[in-house]
Amino acid sequence: MTRKRLTQIFPWILPVRQKQRKIFFYLRMTMDKNTYARRQSPKLLSEEIFRERMLMLNESSGYDLRYQYNKIHNLKLAAAKVHGLFIKPGETFSLCLAIKDADKETPYRDGLSLVDGEIRGEYGGGLCQLSNLLYWLFLHTPLTVTERHGHETESIPPVNPDEPAGIDATIAEGWLDLKVKNNTSHTYQLSVTFDGNYIEGAILCDSRKCGDYRIYNRFCEYVRRNGVIYQEADVTREWISCFSGKRVIKTLYKNSCIIDYPLPENITVRESENADTGKETFRRQTEKNSEADSVAEKEGY
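What this report covers is the structure whose coordinates are included nearby. (Residues numbered from 1 in each chain as written. Predicted model: local features only at pLDDT ≥ 70, side-chain atom pairs only at ≥ 80, totals over all residues. Heavy atoms only, no water.)

**A word on the overall build of the chain**
Line of reasoning, step 1. Helix and strand counts for the chain stand at 7 helices and 16 strands.
Line of reasoning, step 2. Among the 301 residues that make up the chain, the fraction classed as buried is 47%.
Line of reasoning, step 3. Considering only residue pairs separated by 6 or more positions, the chain has 75% of its internal contacts joining residues 24 or more positions apart.
Line of reasoning, step 4. For the chain, the exposed area adds up to about 15800 Å²; of that, 49% sits on carbon and sulfur atoms. (Helix = DSSP H or I, 4+ residues; strand = E, 2+ residues; numbered from the N terminus. Buried < 20%, exposed > 50% of the residue type's maximum accessible area, 1.4 Å probe, protein only. Contact = heavy atoms within 4.5 Å. Areas by Shrake-Rupley, 256 points an atom, 1.4 Å probe, with all protein chains shown as cover.)

The structure is reproduced here in structure tokens:
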């Protein structure tokens, strides 16, 4: 049985804990010797490196669509702080820092978030769709990802079941961030716009791209351990030179998350032979970052 956190026993402590975490969260950034990207411009760089669009309404979520429209409101507020932002050579981009005051003038609305293992409406919910989009853009560039956190539990089926597994990124201000560093000699710029129910992101550069990236899973399987289903996949990236056609393939990381929604009938679930190991993995996974869950991971539902 998982031990309860102090903030679960005494909920009135949580706002104090949140404020404390946020203060130290940003204080560490002033002391970590990174130069953070802050300059925005409505004038966009001419060379487009990669572009993607995502549907913001997930009608298969099973939850009130009101939260979906609230999410769109929240995404537009946050995107205004990201659109046109430069990431110059040597600079680090922090999503939490970039959108820190996005709700200063116009408040966020309640969107769907995962809190203590339950999906419910929370202030500012849904911002992880922005972090998911940006992370997907970053994977198609030579920028170096220095911090990324995958969702520990997937509670709602993906809008596009054909997309690679394990390419999500969650944020929780004060706990979890999405960061990339520009170790190249070129300047990059972010663009985030909206078209009806779609959010569209692009990453631009001051120089033509020299290669294209393809992100895929070499393997992806589902494993049941002690009644809990896990999705386990690798995330592999292939770079193809625009000039010579040379290919470089690298497995970036292995991703594991709990699947908390009914899988389609055509999905095979392998039964784990080591139930004890699976039970321990599940215990560690549910306890890891549990305090971050309590302040509502702003997940992209």
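**Here we look at the sheet that holds strand β9 (residues 179-181)**
Line of reasoning, step 1. Read across the sheet, 4 strands follow the order β1-β4-β9-β7 without closing on themselves; strand pairing throughout is mixed. The open sheet terminates on both sides in strands that have one partner only, identified here as β1 (35-36) and β7 (144-147). (Pairing = 2+ DSSP bridges.)

**Digging into the pattern of salt bridges**
Line of reasoning, step 1. For the structure shown, the criterion picks out 15 salt bridges.
Line of reasoning, step 2. Two residues, Glu-48 and Arg-51, come together in a salt bridge whose shortest N-O distance is 2.7 Å.
Line of reasoning, step 3. Assessed through its relative accessible area of 38%, Glu-48 is described here as partly exposed.
Line of reasoning, step 4. Notably, a salt bridge pairs Asp-64 with Arg-66, separated by 3.6 Å at the nearest N-O pair.
Line of reasoning, step 5. One salt-bridge network, held together by shared partners, links Glu-48, Arg-51, Arg-53, Asp-195 and Glu-200. (Salt bridge = Lys/Arg side-chain N within 4 Å of Asp/Glu carboxyl O.)

**A closer look at the state of the cysteines**
Line of reasoning, step 1. Applying the stated criterion across every chain, the model contains 0 disulfides.
Line of reasoning, step 2. Left unpaired, Cys-210 is separated from the closest cysteine sulfur, that of Cys-242, by 6.8 Å.
Line of reasoning, step 3. Cysteine Cys-257 remains unbridged, with the sulfur of Cys-220 as its closest cysteine sulfur at 8.6 Å.
Line of reasoning, step 4. The exposure class assigned to Cys-257 is buried, which follows from its relative accessible area of 2%. (Disulfide = S-S within 2.5 Å.)

**What about the sheet that holds strand β3 (residues 86-87)?**
Line of reasoning, step 1. One open sheet accounts for 4 strands, arranged β2-β11-β10-β3; its pairing is antiparallel. A single partner strand is all that each edge strand has here, and the edge strands are β2 (47-55) and β3.
Line of reasoning, step 2. Pairing geometry for β2 and strand β11 (residues 198-205), over 8 bridges, is antiparallel. When the bridges of β11 are listed, Glu-52 appears paired with Gly-201.
Line of reasoning, step 3. On the sheet, helix α5 (residues 128-138) packs against β2, β3, β10 (188-195) and β11 and is oriented at approximately 145° with respect to β2. (Axes fitted to C-alpha atoms, helices over the stretch in contact; angles between N-to-C directions.)

**Some remarks on the side chain of Asn-132**
Line of reasoning, step 1. The residue Asn-132 is located in helix α5 in this model.
Line of reasoning, step 2. Taking relative accessible area as the criterion, Asn-132 reaches 17% and is therefore assigned buried.
Line of reasoning, step 3. There is a polar contact of 2.7 Å between the side chain of Asn-132 and the backbone nitrogen of Ala-169.
Line of reasoning, step 4. Ignoring sequence-local partners within four residues, the contact set of Asn-132 consists of Met-54, His-151, Asp-168 and Ala-169. (Polar contact = N/O pair within 3.5 Å; in protein donor to acceptor, adjacent residues only side chain to side chain.)

**What about helix α2 (residues 14-31)?**
Line of reasoning, step 1. Helix length check: α2, at 18 residues, gives a terminal C-alpha distance of 26 Å against a target of 26 Å (1.5 Å per residue), a fit within 8%.
Line of reasoning, step 2. Residues Leu-14, Phe-25, Tyr-26 and Met-29 constitute the buried set of α2. The buried residues of α2 occupy one face: seen down the axis, they fall within an arc of 95°. The exposed set on the far side of α2, more than 90 degrees from its buried face, consists of Val-16, Lys-19, Ile-23, Thr-30 and Met-31.
Line of reasoning, step 3. At the C-terminal side of α2, Lys-33 shows a positive phi close to 70°. (Expected span 1.5 Å × (residues − 1). Arc of directions from axis to C-beta.)

This is a description of form; function is not addressed.
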